[in-house]
Structure formats: C-alpha cells, structure tokens
Amino acid sequence: MITENNMSDNNFKIEKAKARKLRQSQWWKQKIESGVCHYCGGSFPDDALTMDHIVPISRGGKSTKGNLVPACKKCNSNKKYYTPAEIILKEKLDQDVYF
Ligand SMILES: [Zn+2]
C-alpha cells in the first residue's frame, strides 16, 4: 500500500522541478497550442490549460511526457488526487473510492 509517508519530500521537489522544466519546452507548447483538454476533450485557449499529472506526484507519479497532459481548469480541479482507475471506479459506482 502506498501512503504519503513513503514519498520523500525530496522526490516531490525533484518531480515538481522536472514538470516546471517541461512546461518551458517546445513539446509542451505544442501540446497546449492544440488547445484540447485531455479529460473532457474540450477546446480551450492555451492560457486556460494547466499541466496535469495523470498519476499525481503525491501518488507516485513522475514528471515524464507520458504522465503529463493538458487539462482545463475545471477538469483539473475535479480530478484532485485520484488516480485514473479511481476516477473510473468513482464514476461507475457513483461513490468515493480510494485505494
Ligand atoms: Zn477539461
């Protein structure tokens, strides 16, 4: 079982720094220029999209290109600290699920 305590603060800082670097990259600029939210598929101006970790750093996710997607502010705040599997379960069961 993964708990917050298994995550070192240091690792958290490293992943945050990596995310910041990727946010400056051409790769990310192209992503947000396409203007599509990863979660709802809606179109947004690039300044309305935030960088989102599919698996949050707090749940062991890394700041890699495969784990970073553009999300509109609404989806980003809806998602919070759930993993994708938990979101699917939550919607299916219509109740709070936390592994
Ligand atoms: Zn969205």
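A short tour of the structure in this document, coming up. Counting of residues starts from 1 at the beginning of each chain's written sequence and follows it residue by residue. Per-residue local features of the predicted model are confined to residues with pLDDT of at least 70, and side-chain atom pairs are confined, for both listing and counting, to 80 or more; whole-chain, interface and lining totals are unaffected and use all residues.

## Re the overall build of the protein chain
Check the secondary structure of the protein chain and you find four helices and two strands. Starting at the N terminus, the α and β elements of the protein chain follow one another as α-α-β-β-α-α. Per-residue burial for the protein chain yields a buried fraction of 11% across its 99 residues. Contact criterion: two residues are in contact if their C-beta atoms, reconstructed from the backbone, are within 7 Å. Partitioning the intrachain contacts of the protein chain with sequence separation of at least 6 by distance along the chain shows that 50% fall at a separation of at least 24. Where helices and strands are cited, they refer to DSSP runs of H or I of at least four residues and of E of at least two residues respectively, numbered from the N terminus. Whether a residue is buried, exposed or partly exposed follows from its count of other C-beta atoms within 10 Å of its own C-beta, namely 20 or more, 12 or fewer, or something in between, respectively; the C-beta atoms are built from the backbone.

## So, the pairing of strand β2 (residues 68-72)
The buried fraction of β2 amounts to four of the five residues, a majority that puts the element mostly inside the structure. Where strand β1 (residues 49-53) and β2 come together, five bridges link them in antiparallel fashion. Directly across from M51, in β2, lies its bridge partner P70. DSSP bridges decide pairing: two strands pair if at least two such bridges lie between them.

## Side note on the nonpolar core
Linking buried Ala, Val, Leu, Ile, Met, Phe, Trp, Tyr and Cys residues through C-beta atoms within 7 Å yields a set, and such a set is a nonpolar core. One finds C37, L49, A71, C72 and C75 forming the largest nonpolar core, which totals five residues. Those residues in contact with C72 that lie beyond four places of it in its chain are C37, C40, G42, F44, A48 and L49.

## Things to note about the environment of S58
Within the secondary structure, S58 sits in the loop between β1 and β2. In the structure, S58 is positioned 46 residues away from F12 in sequence and 7.3 Å away in space, judged by C-alpha atoms.

## Observations concerning the environment of H53
Looking at the secondary structure, you find H53 in strand β1. Each C-alpha atom, one on H53 and one on S63, is 7.1 Å from the other, the two residues being 10 residues apart in sequence. Not counting residues up to four positions away in its chain, the partners in contact with H53 are G61, N67 and L68.

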